[in-house]
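Chain residues, written in single-letter form:
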Amino acid sequence: MRRFDLVLPNTVEDCLKILAERGAQAKLVAGGTDLLPQMKNGVLKPAVVVDLSGIARVRQVDNGNGLRIGAAVTARELEVSPALRGAYAAIAESAALVGSLQVRNLATVGGNLCNAAPSADMAPPLVALEALAVIAGPKGERRVPMADFFTGVRQTVLAPNELLVELIVPPPGPRSGGQYLRHTPRRELDIAVVGVASQLTMTDGRCTTARIALASVAPTPVRATAAERALEGQAVTPEAIERAATLAIEAARPINDQRGSIEFRKHLVRVLTRRTLTTALARASA
Amino acid sequence: MPKQLLSCTINDQPVEVLVQPYTTLLDALREDVGLTGPKEGCGTGDCGACTVHVDGRVVASCLMLAMQVRGRKVRTIEGLAAADTTLHPLQDAFVRQGVPQCGFCIPGVLMAAAALLEQTPRPSEEEIRYGIAGNLCRCTGYTKMVAAISEAAETLAAKGSAR
Amino acid sequence: MSTMKTTRDVKGVGVSIPRPDGPEKVTGRVQYVADIQPKGLLHAKLLRSPHAHAKIVSIDTSAAKALPGVRAVLTAKDIPHLKKKAPTRAHAVLAIDRAVFMGQPVAAVAADELAIAEEALDLIQVEYQVLPAAIDPLKAMQPGAPPVADAGTEADTSEALAHSAVAIAKSEAPAKAVNISQQARLQRGDPAKGFAESDHVLEKTYRVPMVHQGYLEPHAVLAEWDRNGLLTIWASTQGSFNTRSEVADVLGIPENQIRVIPVECGGGFGGKIRALCEPITAVLAQVTKRPVRYVMTRREELQAGMPAPQVIIKLKTGVKRDGTLMAIDAETVIDSGAFSGAVLAVSAVFLGSMYKWPSFDIRGFEVLTHKPSVAAYRAPVAPQTIFALESHMEQIARDLGLDAVEFRRRHLIKPGDPMVNGQPWQSNGAHEVLSRIAEHPHWKTRKQWVAAGQNGKRRGVGLALGGWLGGLQPTGATVRLNPDGSLAVLTGQVDIAGTNISLAQIAASAYGVDTDLVRITTGDTDTAPVTGLSAGSKTIYTVGAAVLQAAEDARRQTFEIAAAELEASVHDLELVDGKVTVRGMPDKGITLATIGKKGNLYMSKTPPVLGKANPAFSQQAPGFAAQLARLDVDPDTGEVTIHDFVIVQDVGKAINPLGVEGQMQGGAVQSLGIALTEALMFDDSGRLTNPSLLDYRKLTAADLPNLETIIVEVPSPAGPFGARGVGEPPIVPAPAAIANAVHDAVGARITELPLSPERIALAVANGDK
């Protein structure tokens, strides 16, 4: 890595002060699992790095009054958190898949979202659960729905003088279940060729809310809205699932790259949508 | 740019060392503290050769900045065994079962295995494999590693502790 | 050359003894090059070409030189003694007027800190004129393709010999072919007639991409000159003597001016048999008058290491309905990157003479492209060749309804049968290994196992046979008797496979003491007898033989001294428990310690015991291995789960079974990586699209089951205690075994590696056969 200044704020306020002065040349680091590789490859050359590991507020998981997840909560903490059972299971599942244990003990949900790679594993479940991003800036805090948070490959709505502080996940309803699955060539240390999160909320045997979010098939995570509409208001039969799985392909605009071809990615969208919907239904009905 | 003072605990000893702000934890351990056990195999968190414990959890030290362990506890392979002259049951099992070949992955694997056994004292084969899945080894094919970790687990369980 | 057929009654050959360097390795105390921290150390970085083929118009290093902390910035112009045309990769220290692969070094920096060196690279301005690049080997071998080699260098000629221990015929170059750096053709009989008379003709093209050896320790070298002009190089290398010769050649200095110290090597597998970073590091050290260390990043290793070649094999076979072999026609294209280096003959030998083909036409071409040039990778070209051959043989058997093992067994060569060049196959265990795997319960119960598949997964069982001819290289060793009766053995052999303990066991058994009393020292180029590469599955076969002969020599000297002391004939003496005694008279004896001390006393007339041997070898000892996989396939995602994997290998004599098992398992997992997940993926411009271990996928522990090893021993006539080389055979059969198991599971014959989930899923979805 090239040389840089390192700043070690202890509060969100201190952090915002630094970003106000030097935000344009600064990068925030929490786990470093996306930032450091990019700096070592020369893709990013910030003059200043701001370490978030000393700020307590962004490290809590709280399920007291609705689920709130601090931005610097690690993937491992999410993987094992008792607050992420039941309807929120897909978040824990996605966190459990990141890299390896050595990476999950460092990688944060905020970093995963702010790095905004199309393959970010923790994005689809948060999109499917309609989470809100709480962003602190010079004028106070604002909330942005997860589905609107991403604006392009490695691009989000965050301004250089802003900081993601936490995520708020509204309770999805009493009979709700979800799953996140991804396809990777290896069982560990890998990155999603395609990732799918499905969340179904049921009432009296019918689906009231269906949310399907896809990773790695577009510049940002995308919702398969046609598939969602086809499920809402219906009984979720195997035929309905199959139809939704096929419709989900419409939302996918994958590219050919060294991880997978367009053909394979579309194929996987169908397979993983089918599988996650099947499991989401079972979990919602349990 | 001026160096920064890193104060932390490494292998149960308090350490104060001046580090460049852009130094990774791995490089600080190897070059500033003189602990060359953790290795760089890739620098991007994809191989596990740099695995150390921070506050008891395995991390890829190539992805941490040294200053991020301020006030925290770090353990490297050099601090795995309880005393200078004895081997941890994991190290002993690895030697007797003929695990190390080139040896480059071994410090990282042992740190991952040690953390696994503290968390899961009687791991199944699958749990062992996932416990070291973040550590690439090119020489051994992992089979003897799994057997040695299993044997060490038995030894530790018989002793009634994980250290 | 003698071989010992029996071991003395000591703890020696055949015992599973853990490596003595185990405790140092498990405590993190072993030093690799990057762990050495000399005072005044400077850090080197190389600026690398971003283009696969480009003319270097100009380089401006002034801003880089001005950065505080930078001690040297070099381009080729600053190293005038470099050859203008680089005949080998080592000579291409820094590109002179043209870059011939993306990642080729163009400038070099030495600085106080690595971070400063990186910043200095950013400040170097290079003007390139991008030239058309030859990337696809099939296109590169056509007339009119962009030329890779410098005109007038060895690689430019179209009649370069393939270098291997099997001499094969040269052939004429097609008119105006460029980029064909080696070629060969072997023929026997009348294949056209054979095909005409065949009932079953099968034609397929098999492709294996370039793969990286995947050693976990990147290339690393430390260089320092003393005030006498003596250069010391600490290197992660598989051959200190070879490195010394290459560096001497490149820098134009005598070999006696160079000392190469082989530091513990964190994996090589053929990728570290040649000099790579040593010359430039040495020049930086010379210019700065400081010790300079260069450690490749993983990204540099993948982009600009010395990988295994891409191999494309067009295979056509003709067989009668009853399975009689009629003819084989094969064309092998080996893409070696920008410099020649592949071993062509290996492919021809296995294609044409692992099974008994009455007629064949086998053509091989090495083609140069604008990609990083190759070195070797554990059994170079054999896994790729066997992938083609064993997939093909399996398919023939399936198509004709023949038993897969019986079909192979019927045609498999026996010792004495001719190889493609007419030489007879040496003693080998090919049949024994095939029989042993066929007896395995996993093979015998395969139908029931496959039928028991559940949860939508499709099961398959497959096997394959392959091997390695076994390398030869002259070498030397000495064995000294210490004043306390212990033995000191000196070789120059880098211990990358745990061979040191096996060499100690050989010395122990040959001399007549327990292995605990033997210590092996690996010397450097100043102190050791000349030694070849730790590669080619030849360390035990050649260095082991040298150690055995040196130990026997030492034993002879010991007995002669004892005979004189005891006034007895050497033929009446025996060595038991550290004492040389007259047989039948245990009280009439002299201890080894006494003999050892006498050889070191002031004014003594007793010479010190110093056994030595410096043999050369002519007889190869092929090693065969068979592997079997039981796996299941998720037909929707193409994911493969290996449930069981068995390796049967003929090692001649397992000097140290513990070490042998480790080699079998390690080689098999590299082989499985080639089969399932590994590929260096270049785009059309010659850019590597997966330069990290995230996307260059090596198998993790979670991807694998326990690997079962079965050691077979068919003694080699000339190997120490009948031993054969062990390192290479286990990397050979897995890709074919996996391809055969996948075919068994889903009915698709996939002929391109790796057998990725994508390839398998789409083959299933498209109903491919």
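This is a predicted model, so every value here is computed, not measured.

## Re the overall build of chain A
For step 1, the next point in the chain: If you tally the helices and strands in chain A, you get 11 helices and 14 strands.
For step 2, the next point in the chain: What you see for chain A is a C-alpha radius of gyration of 19 Å, in line with the 19 Å of a compact globule of 286 residues.
For step 3, the next point in the chain: Viewed in the frame of its principal axes, chain A has a C-alpha envelope of about 60 × 45 × 30 Å.
For step 4, the next point in the chain: The buried share of chain A, taken over its 286 residues, is 60%.
For step 5, the next point in the chain: Considering only intrachain contacts with a sequence separation of at least 6, the fraction spanning at least 24 residues in chain A is 65%.

## Describing helix α11 (residues 404-411) of chain C
Residue and element names in this part refer to chain C.
For step 1, the next point in the chain: Among all positions in α11, only A404, F407 and R408 are buried. One side of α11 holds all its buried residues, which, seen down the axis, span an arc of 95 degrees.
For step 2, the next point in the chain: Contacts from the buried residues of α11 go to α10 (382-400), α12 (430-438) and β16 (458-468).

## Section: α10 of chain C
Residues and elements named next belong to chain C.
For step 1, the next point in the chain: An ideal rise of 1.5 Å per residue puts 27 Å on 19 residues; α10 measures up with 26 Å between its terminal C-alpha atoms.
For step 2, the next point in the chain: Of all 19 residues that make up α10, 15 are buried, and the element is covered over most of its length.
For step 3, the next point in the chain: After α10 finishes, the residue G401 shows a positive phi value of roughly 70 degrees.

## Focus: the domain arrangement of chain A
Residue and element names in this part refer to chain A.
For step 1, the next point in the chain: By the assigned domains, chain A splits into domain 1 (5-169) and domain 2 (180-285).
For step 2, the next point in the chain: When each unit is reduced to the centre of its C-alpha atoms, the spacing between domain 1 and domain 2 is 24 Å.
For step 3, the next point in the chain: The interface of domain 1 with domain 2 comprises 22 residues on the first partner and 23 residues on the second.
For step 4, the next point in the chain: For the side of domain 1 that touches domain 2, the elements supplying multiple residues, two or more each, are α4 (89-97), α7 (123-128) and β8 (150-152).

## Some words on the interface of chain B and chain A
For step 1, the next point in the chain: Between chain B and chain A, the contact holds 22 residues from the first and 24 residues from the second.
For step 2, the next point in the chain: The greatest single-element share of the side of chain B that touches chain A, amounting to 4 residues, is contributed by strand β4 (residues 57-60) of chain B.
For step 3, the next point in the chain: A per-class count over the side of chain B that touches chain A returns 12 nonpolar, 8 polar and 2 charged.

## Focus on the interface of chain B and chain C
For step 1, the next point in the chain: Taken together, the contacts link 42 residues of chain B with 43 residues of chain C.
For step 2, the next point in the chain: Looking at the side of chain B that touches chain C, the elements that each hand over two or more residues are α2 (89-96), α3 (106-119), α4 (125-131) and α5 (143-159) of chain B.
For step 3, the next point in the chain: At 4 residues, the largest contribution of residues to the side of chain B that touches chain C is made by α2 of chain B.
For step 4, the next point in the chain: Split by residue class, the side of chain B that touches chain C holds 23 nonpolar, 12 polar and 7 charged.

## A word on the environment of E432 of chain C
All names here are of chain C.
For step 1, the next point in the chain: Inspection of the secondary structure assignment puts E432 in helix α12.
For step 2, the next point in the chain: E432 gets classed as partly exposed once you count the C-beta atoms within 10 Å, which come to 16.
For step 3, the next point in the chain: Placed 246 residues apart in sequence, E432 and E678 show a C-alpha to C-alpha distance of 31 Å.
For step 4, the next point in the chain: Residues within four places of E432 in sequence aside, it is in contact with D650, V712 and V714.

## A word on the pairing of strand β2 (residues 54-60) of chain C
All names here are of chain C.
For step 1, the next point in the chain: In the sheet, β2 pairs with strand β4 (residues 98-99) via 2 bridges, with the strands oriented antiparallel. By the bridge assignment, K55 is partnered in β4 with R98.
For step 2, the next point in the chain: Alignment of β2 against strand β6 (residues 125-130), held across 6 bridges, turns out to be antiparallel. Residue pairing for β6: A54 is matched across the bridge by V130.

## Looking at the domain arrangement of chain B
Residues and elements named next belong to chain B.
For step 1, the next point in the chain: Split into domains, chain B comes out as domain 1 (4-79) and domain 2 (89-159).
For step 2, the next point in the chain: Of all the secondary-structure elements, those providing two or more residues to the side of domain 1 that touches domain 2 are β3 (51-54) and β4.
For step 3, the next point in the chain: The element that contributes the greatest number of residues to the side of domain 1 that touches domain 2 is β3, accounting for 3 residues.

## Looking at the sheet that holds strand β20 (residues 573-576) of chain C
Residues and elements named next belong to chain C.
For step 1, the next point in the chain: Ordered in space as β20-β21-β22, the 3 strands form an open sheet in which the pairing is antiparallel. One side of each edge strand has no neighbouring strand; the edge strands of this open sheet are β20 and β22 (585-591). Within the sheet, the average angular offset between the axes of one strand and its neighbour, ignoring direction, is 35 degrees.
For step 2, the next point in the chain: Direction of pairing for β20 relative to strand β21 (residues 579-582): antiparallel, over a ladder of 4 bridges. Considered in β21, the bridge of L573 is made with V582.

## Describing the pairing of β22 of chain C
Residues and elements named next belong to chain C.
For step 1, the next point in the chain: Two strands pair when backbone bridges link them, and β21 and β22 are joined in this way by 4 bridges, in the antiparallel orientation. If you follow V582 over to β22, its bridge partner there is M585.
For step 2, the next point in the chain: The antiparallel hairpin formed by β21 and β22 contains 2 residues in its connecting segment, where G584 sits at a positive phi of about 90 degrees.

Cut-offs used in this document
Residues numbered from 1 in each chain as written. Chains lettered and ligands numbered in written order. Predicted model: local features only at pLDDT ≥ 70, side-chain atom pairs only at ≥ 80, totals over all residues. Helix = DSSP H or I, 4+ residues; strand = E, 2+ residues; numbered from the N terminus. Rg over C-alpha atoms; globule rule 2.2 N^0.38 Å. Buried ≥ 20, exposed ≤ 12 C-beta atoms within 10 Å, placed from the backbone. Contact = placed C-beta atoms within 7 Å. Arc of directions from axis to C-beta. Expected span 1.5 Å × (residues − 1). Domains from an automatic or database assignment. Nonpolar A, V, L, I, M, F, W, Y, C, P; charged D, E, K, R; others polar. Pairing = 2+ DSSP bridges. Axes fitted to C-alpha atoms, helices over the stretch in contact; angles between N-to-C directions.

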